[in-house]
Amino acid sequence: MASPSSPSELDYRPSYLAGGIVSAAIFLLYLVTLAPSTAMWDTSEYITAATVLGMPHPPGNPLFVLIGRVFAILPIASSIAVRINILAAVCSAVSAGMWFLITERVLVAWFEQRWQRILGGALAALIGATAFTVWNQSVVNEKVYTVSLLGIAIVSWLMVRWCDQPDGRKSDRILVIVAYLCGLGYANHMAGMLAAPAAALAVLVVRPRTVLRWKLLLACIVAVGFGITPFAMQPIRAAHFPALNEGEPTACRTELTASCTFSKGTYDAFMYNFNRGQYGKPQLGERQAPFTAQVGMWWLYFKWQWLRDAHYDRPFVQSLLAAVFLVLGLLGGYVHWQRDRRSFWYFGSLMFTMSFVLIYYLNFKYGASQDPDLVGVAREVRDRDYFYLWSFSAWGVWAALGLVAAWESLASLIGREQVVVGRETVERPTRMARLASAPVLALAIVPLFTNWSTASRAGQTDTADFARDLLNSVEPYGVLVTVGDNDTFPLWYAQEVEGVRRDVVVANTSLLNTDWYTRQLIRRPVFEYDAAKGPAIYRAKAWPKPATGPIKMTMLQADSVPSYIQIDKPMMFQGGPIKATIDPQRLSIPNVLQRADIFVLRMIADSFGERPIYLSRTSAGYGAELGIGSYLLTQGLATKLFIPPVSANKDTLMVAGAGWVDVARTRTLWDSVFTGHRSLAKRHDWVDRPSVGIPYLYVATGLMLSEVLQATGDSSSAARVLGDAKRVAQGVKLTDLLAQMEQQMAPAPASSPLLVPPSGDSQRGTELPVRKP
């Protein structure tokens, strides 16, 4: 083992070729397990934003939108979704190469032979790249996190090189580039600044007089400011009113002009968007959960990295692997401190920032999957492991250093020899001892095997299939009211990326609580229904194209609608033939009629009879909240607002717990139009349990249809549909329903709590708490 000399004194030359090969190998792994389409949560939103050069939710992530737009038009794959998913794979694969280089550089002070350092670097890249969250996020572009990971990894490599030669010829340039990359990273996501505190600490410790050089400091400040400039596109692009324009950071209402762009209104709208004002997150001093519980959330997600045990089938193995990789990482951090203290000041503080500091700053509630037996606590609507992706990826560096240290220690116990290195005589393990102890290095490939089935998204098309199925449940020119992320974002993707059923107006209740979204619906053009591409069931009738949108208000009138109305007694509503009584106690917030509710009722009043109006069945009891439950007719995955018949007939039945059901339409949709239940049946699991309500909707629909068919005497069709539903339940491991399905005794869809997905990010953009999918 070589003495811990400074790497800068050893004529160190990075193994860029080896790093490139490692990155290529990781990229190949990601390609093999790449998603062929979109996925749940924010994936569809961000693919859509990149496609239309639009604005995803605040603060808008302009750098990602620009990069994503470039990938969307690159001829590197057959579909836009795959191209943008490749962006995620490229970013993570290159990041793995950066961790390779950093690990190899730390090992310079330890191993004099290049192959040993390359081996250590490869182990770091492999461990970090196959950690569950890193892998799972690298095969579909759910958001912006892999782009942030790339920025942090590049900055880390530059800072490690700066620590080698803080007075070198390129040292000042490196710091300016680091500052620019931090600013540029912030234009992608706030995580772009995570490396900045570590870089500052490294400069203070390694070369403190640097902070006294005001010209260099000024250059770094200017570089940060220049890096953030992608945000300048937002007011300009927002005033072109793209199909996805969340937050609408402009005061322009009809067209882009200098007067409205350079105005206080635009400045206020932009800053509100930039500062994520609509989230209304509490101050850091107001903890949403005890800090110990928030650290516990991180620990839960850390355990996931080495074995994603979604159903708690192997808790002991998961905990054992987590303990092993935790110890390896801590040992690696100690070795890093011992062998290369200069770069440790940067990397060690980066790890601290991406774990404990980030945990404190994010101030999350209890995790969606954390301590499931703990009741009565506020929880996040989904699991937030992706926010710690950066620490899990970088952990591979320390885990690899710890693994190499364990390998060396074990080999030293087997056999040692004395060799002369320079002017020193050192002891090191013999070649045979290293070979004999080499099996311990196999720990690095454990996550590759334990996570393959859960991290891979190969062949998964069910989200896009669900979006098409839900849209096709709606008649031409219909309005579809949705309630959350997973029943809205995939529809945006289907309409704006794939061009599916753009005639349908999707109205999300969470976003209807904001002024910009209602303006967006008012501006939205009426798209022509393409009967040739639509379902055959709609071709037998002529569907007149509406002249206007479903909200017959000016933007000024819409802006004047209050955020809520207090109602203390039952309120009567009439929209044409629809007459309803709204019970204030049944509202999601008792005695509060939210802005979204007002607009849904307004669309009914303005457009019923001109347009078909539907509620997504993911909305569960929303229709009952508004007093219109008795006017709803189930058709596939949606319920249509209709005038009930005087009595039931063979095609329109009243089903206990489900209400009115259009049997013929639902059967035709299930048999001839829907594809989601077939793709779900091909799954081997549904790892993300908070979103399992979407496949459950298919199961519930199949069960309901099967029961109705059985009751009407069509036993063979009932058995076939029940079989379809059962295969979906098996595919996504809804094991709690399988016994019920065998007996056809599952709860009716409208009353089942599982019809509402257990979580969803739907409360974005609201001033009031709103329902979640």
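The residue count restarts for each chain, going from 1 along the sequence in the order it is written. Per-residue local features are limited, in this predicted model, to residues with pLDDT of at least 70; the limit for side-chain atom pairs, both in listing and counting, is 80 or more; totals at the level of whole chains, interfaces and linings are taken over all residues. Note that the side-chain values use all heavy atoms of the structure and ignore hydrogens as well as water.

**What to know about the overall build of the protein chain**
The helix and strand labels rest on DSSP assignments: H or I over at least four residues marks a helix, E over at least two residues marks a strand, and numbering proceeds from the N terminus. Within the protein chain, the secondary structure is distributed over 31 helices and 13 strands. Its C-alpha atoms give the protein chain a radius of gyration of 29 Å, within 12% of the compact-globule value 28 Å for 773 residues. With the principal axes as the frame, the protein chain shows a C-alpha extent of 100 × 65 × 50 Å. Partly exposed describes any residue whose relative accessible area lies between the buried limit of under 20% and the exposed limit of over 50%, with all areas from a 1.4 Å probe on protein chains only and scaled to the type maximum. By the burial criterion, 60% of the 773 residues in the protein chain qualify as buried. We call two residues contacting when some pair of their heavy atoms lies within 4.5 Å. Considering only intrachain contacts with a sequence separation of at least 6, the fraction spanning at least 24 residues in the protein chain is 75%. The quantity called the radius of gyration is restricted to C-alpha atoms. Its globule counterpart is 2.2 Å times the number of residues to the power 0.38.

**Things to note about helix H13 (residues 264–274)**
Residues of H13 that are buried include every one of Thr266, Ala269, Phe270, Asn273 and Phe274, and no others. The arc enclosing the buried residues of H13, seen along the axis, measures out at 130°, which places them on a common side. For H13, the exposed residues lying more than 90 degrees away from the buried face are Lys264 and Tyr267. Close packing links the buried residues of H13 with helix H8 (171–188), helix H11 (233–238) and helix H12 (258–261). Directly after H13, the chain includes arginine 276, whose backbone phi takes a positive value near 55°. For this quantity, the arc is that covered by the directions from the helix axis to the C-beta atoms.

**Quick notes on the sheet that holds strand E3 (residues 479–482)**
Here a strand pair is declared whenever DSSP counts at least two bridges between the two strands. With mixed pairing, 7 strands are arranged side by side in an open sheet as E4-E3-E9-E11-E10-E13-E12. The open sheet has two edge strands, strand E4 (505–508) and strand E12 (652–655), and neither has a second partner. Sheet twist, expressed as the average angle between the axes of neighbouring strands with direction ignored, equals 30°. Angles run from 0 to 180 degrees between N-to-C directions of axes, and those axes are lines fitted to C-alpha atoms, restricted for helices to the stretch in contact.

**What about the state of the cysteines?**
Only a pair of cysteine sulfur atoms within 2.5 Å qualifies as a disulfide here. Taken as a whole and assessed by the stated rule, the structure comprises 1 disulfide. Paired through a disulfide, cysteine 252 and cysteine 260 show a sulfur-sulfur distance of 1.8 Å. Taking the torsion about the S-S bond as the criterion, the cysteine 252 to cysteine 260 disulfide, at about 85°, is right-handed. With respect to burial, cysteine 252 and cysteine 260 carry one shared label: buried. Counting only cysteine sulfurs, cysteine 182 is the nearest neighbor of cysteine 91, a cysteine outside any disulfide, at a range of 16 Å. Given a relative accessible area of 4%, cysteine 91 falls into the buried group. Free cysteine: cysteine 163, not disulfide-bonded; nearest cysteine sulfur from cysteine 182 at 14 Å.

**Points about unusual backbone geometry**
Among all residues save glycine, negative phi is the norm, and among peptide bonds the norm is trans. Cis geometry marks the peptide bond from proline 58 to proline 59; its omega dihedral reads 10°. Inspection of the secondary structure assignment puts proline 59 in the loop between helix H2 (43–52) and helix H3 (62–73). For phenylalanine 241, which is not glycine, the phi torsion reads 55° and is therefore positive. For phenylalanine 241, the position within the fold is in the loop between H11 and H12.

**Observations regarding the packing of helix H14 (residues 291–304) against helix H16 (residues 341–362)**
Relative orientation and spacing of two packed helices are given, respectively, by the angle between their axes and the distance between those axes. Here H14 crosses H16 at 125°, and the two axes come no closer than 10 Å. It follows that H14 is oblique to H16 by the angle criterion. As H14 packs across H16, the resulting crossing turns out to be right-handed. Contacts between H14 and H16 involve Phe291, Gln294, Val295 and Trp298 from the former and Ser355, Phe356, Ile359 and Tyr360 from the latter. In this classification, the charged set is Asp, Glu, Lys and Arg, the nonpolar set is Ala, Val, Leu, Ile, Met, Phe, Trp, Tyr, Cys and Pro, and all remaining amino acids, among them Gly, are polar. Partitioned by chemical class, the residues of the contact of H14 with H16 number 6 nonpolar, 2 polar and no charged. Working rule for angles: under 35 degrees goes down as roughly parallel, over 145 as roughly antiparallel, 65 to 115 as roughly perpendicular, anything else as oblique. Each crossing gets its handedness from the near helix: less than a right angle anticlockwise from the far helix is left-handed, clockwise is right-handed.

**Quick notes on the pairing of strand E6 (residues 571–575)**
Bridge count between E6 and strand E7 (residues 578–582): 5 bridges; the pairing is antiparallel. The partner of methionine 572 across the bridge, within E7, is threonine 581.

**A closer look at the pattern of salt bridges**
Any carboxyl oxygen of Asp or Glu that lies within 4 Å of a side-chain nitrogen of Lys or Arg is treated as forming a salt bridge with it. Summed over all chains, the structure comprises 33 salt bridges. Of the charged contacts, one joins glutamate 408 and arginine 434 as a salt bridge, the two residues approaching to 2.8 Å between their closest N and O atoms. With glutamate 408 in helix H17 (residues 389–414) and arginine 434 in helix H18 (residues 431–437), this pair connects stretches of sequence that are 26 residues apart. Given a relative accessible area of 1%, glutamate 408 falls into the buried group. When its relative accessible area of 8% is taken as the criterion, arginine 434 is described as buried. Put simply, glutamate 475 and lysine 640 hold a salt bridge, and the shortest N to O gap is 2.9 Å. Of this pair, glutamate 475 sits in the loop between helix H21 (462–472) and E3 while lysine 640 sits in strand E11 (residues 638–641); the two residues are 165 residues apart in sequence, bridging distant segments of the chain. For the residue pair glutamate 475 and lysine 640, the accessibility class agrees, reading buried in each case. One salt-bridge network, in which partners are shared between bridges, spans Glu248, Arg253, Asp515, Arg519, Arg523 and Asp559.

**With respect to a nonpolar patch on the surface**
Two joining distances apply to patches: 9 Å for like charges and 5 Å for nonpolar side chains (Val, Leu, Ile, Met, Phe, Trp, Tyr), and every residue must have over 30% relative accessible area and no salt bridge. Computed with a 1.4 Å probe, the accessible areas rest on the Shrake-Rupley method; for each residue, only the protein chains presented here act as cover. Judged by side-chain polarity, Leu284, Phe291, Phe352, Phe356, Val357, Tyr360 and Tyr361 come together as a nonpolar surface patch covering roughly 630 Å² of accessible area. Element by element, the count of residues in the nonpolar patch is highest for H16, at 5 residues. Here phenylalanine 291 shows up in helix H14. Judged by relative accessible area, phenylalanine 291 falls into the partly exposed class, the value being 32%.

**Re the nonpolar core**
Side-chain atoms within 4.5 Å are what join buried Ala, Val, Leu, Ile, Met, Phe, Trp, Tyr and Cys residues into a set we call a nonpolar core. Residues Phe64, Leu512 and Ile628 are the most contacted members of the largest nonpolar core, which totals 109 residues. The element that contributes the greatest number of residues to this core is helix H29 (residues 693–711), accounting for 11 residues. Core analysis: the next-biggest nonpolar cluster, separate from the first, contains 107 residues, Val108, Val335, Ile359 and Val404 among them.

**Examining the side chain of asparagine 245**
As for its position among the elements, asparagine 245 is in the loop between H11 and H12. Asparagine 245 gets classed as buried once you look at its relative accessible area, which sits at 2%.

**A closer look at the packing of aromatic side chains**
In summary, the pairing rule links any two rings of Phe, Tyr or Trp, Trp by its six-membered ring, whose centres are within 6.5 Å, and it sorts them by plane angle into stacked for under 30 degrees, edge-to-face for over 60 and tilted for everything else. Throughout the structure, instances matching the rule amount to 39 aromatic pairs. Judged by centre distance (6.4 Å) and plane angle (55°), the rings of tyrosine 186 and phenylalanine 231 are tilted. You can see tyrosine 186 sitting in helix H8 and its partner phenylalanine 231 sitting in the loop between helix H10 (214–227) and H11, a full 45 residues away along the chain. Phenylalanine 231 shares its class with tyrosine 186; the two are buried. Only Lys NZ and Arg CZ are tested; either one counts as a charge over a ring when it is within 6 Å of the ring centre and within 35 degrees of the ring normal. When the ring centre of phenylalanine 527 is taken as origin, the NZ or CZ atom of arginine 502, which lies over that ring, is 4.0 Å away. The residue whose ring lies beneath lysine 541 is tryptophan 543, and the NZ or CZ to ring-centre distance is 4.3 Å.

**Quick notes on the confidence of the model for the protein chain**
Looking at the protein chain, the pLDDT average stands at 90 and 94% of residues meet or exceed 70. A residue's pLDDT is the confidence the predictor assigns to it, expressed on a 0 to 100 scale. Counted against residues more than four places away or in other chains, residues 1–5, with its pLDDT under 50, gives 18 contacts. The low-confidence segment residues 745–773 (pLDDT under 50) makes 114 contacts with residues lying over four places distant or belonging to another chain.

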